[in-house]
Structure formats: C-alpha cells, structure tokens
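# Notes for the structure review
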Amino acid sequence: MLNIWQQYNEYPDIIVAIVDEGIKLTHPDLQANLWINEAELKGSDGYDDDQNGYKDDIYDYNFVSGTGTIKGHRHGTHVAGTIGAVNNNGIGVSGIAGGDGTPNSGVRLMNCQIFEHGSLGDVVSTNIGAAIKYGADNGAVISQNS
C-alpha cells in the first residue's frame, strides 16, 4: 500500500504560482522544477509572443519592475524549495512535492514576483492581484501567497 507522499508526489502537470519574492533561477534544487513559458522561448525580443499581456515572460513575471526579469531572493527561493525542491538528488533540501528524483516528476514552480529588494529597501508591487491572476491564467492550480 502506498503512503500519501508516494501517491501524490509525482505530478509535473501541477503548476504552483509562487506569489512572493523571485525564485533564484540557477538554484540546483529548483532548476528542474521551474515552470517555463514555452510560448515565449524565442527569447527576450521585446514582444508578447504568446499574447498573454506580458512581454518576454519566459521565466514568468516580475510585477515590481513590470518585466520578465526575475530577481531571485531568499524568501521566494526558500518557499519554492519547501514546495518543489527536487527530492533524492543529494543536494540541499527536499520539497513536499519535488518528485521522486527522476526527471519531470515534481510540480512546476511559477515565478509571480511581487517583492523586490533594492538599495533603498524592499519594494512591493501594486499589482498583487494581477500576479495571482497571471498564475491562474497561465495554468497554476495552486497559488502560494506567504
């Protein structure tokens, strides 16, 4: 008999919107489980290739700067890791839905950045509702809003 973790841990088709600081895109425990907007993969060309209202949102969207440039930081990366860090890879931590260590077995983590750290302190987006809607409109079925 499977336990709950084994039964529900392998769902790469589930997208979780991380409405928080940005997720560090190069984090070795998270890279494999990041959601990528495939329709924008032409690159940062200044166009809204998928016509979803957001230009160049390949790795999702930064609602503070109004760009597709994610600025990863501690809290957003920490929250993303708790949810979807790759399991059984011998690196860092394991996420509650990070998969079993085989390729494409964990949930997908979507950056919906609403906080950013700058030289003058923390900046909060005025478009928090838009960030949550972005997640839903682009396939997220869970929205993490810590």
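The preceding data block contains the structure.
Residues numbered from 1 in each chain as written. Predicted model: local features only at pLDDT ≥ 70, side-chain atom pairs only at ≥ 80, totals over all residues. Heavy atoms only, no water.

Considering soluble globular proteins, one finds that nonpolar side chains tend to be buried as a cluster. In terms of nonpolar packing, the biggest core is built from 13 residues, with A17, V19, F63, M110, C112, A131 and Y134 touching the most fellow members. Put simply, the parts of the chain that give this core at least two residues each are β1 (15-20), β3 (108-113) and α3 (128-137). The biggest single contributor to this core is β1, with three residues. Beyond its immediate chain neighbours, meaning those up to four positions away, A17 contacts M110, C112, G135, A140, I142, S143 and Q144. (Core = buried A, V, L, I, M, F, W, Y, C linked by side-chain atoms within 4.5 Å. Buried < 20%, exposed > 50% of the residue type's maximum accessible area, 1.4 Å probe, protein only. Helix = DSSP H or I, 4+ residues; strand = E, 2+ residues; numbered from the N terminus. Contact = heavy atoms within 4.5 Å.)

What follows is about the environment of A39. Along the chain, A39 turns up in the loop between β1 and β2 (61-62). Contacts of A39, omitting those with residues within four sequence positions, involve D49 and D50.

So, about the pattern of salt bridges. Side chains that differ in sign of charge can pair as their charged atoms come close. By the definition in use, this model includes two salt bridges. A salt bridge links K71 to E116; the nearest nitrogen and oxygen atoms lie 3.3 Å apart. Taken as a pair, K71 in the loop between β2 and α2 (74-84) and E116 in strand β4 (residues 115-118) lie far apart in primary sequence, 45 residues in all. With a relative accessible area of 44%, K71 lands in the partly exposed category. (Salt bridge = Lys/Arg side-chain N within 4 Å of Asp/Glu carboxyl O.)

Here the structure, examined in full by the defined rule, presents six aromatic pairs. A ring pair is formed by F63 and Y134, whose centres lie 5.7 Å apart and whose planes are at 75°; its orientation type is edge-to-face. Of this pair, F63 sits in the loop between β2 and α2 while Y134 sits in helix α3, and the two are 71 residues apart along the sequence. Side by side, F63 and Y134 carry an identical accessibility label, which is buried. The rings of Y54, Y61, F63 and Y134 are connected pair by pair, giving a single aromatic cluster. (Phe/Tyr/Trp six-rings, centres within 6.5 Å; stacked < 30°, edge-to-face > 60°.)

Here we come to unusual backbone geometry. Here the phi dihedral of N88 falls at roughly 60°; this positive angle occurs in a residue that is not glycine. Assessed through its relative accessible area of 62%, N88 is described here as exposed. In this structure, N104 is a non-glycine residue whose phi angle is positive, near 60°. Within the secondary structure, N104 sits in the loop between α2 and β3.

Our focus in this paragraph is α3. Burial in α3 covers these residues: A131, Y134 and G135. Down the axis of α3, the smallest arc covering the buried residues is 95°, so these residues share one side. Turned more than 90 degrees from where α3 packs its buried face, G129, K133 and D137 sit exposed. Taken from the residues just after α3, G139 is the one with a positive phi, measuring 105°. (Arc of directions from axis to C-beta.)

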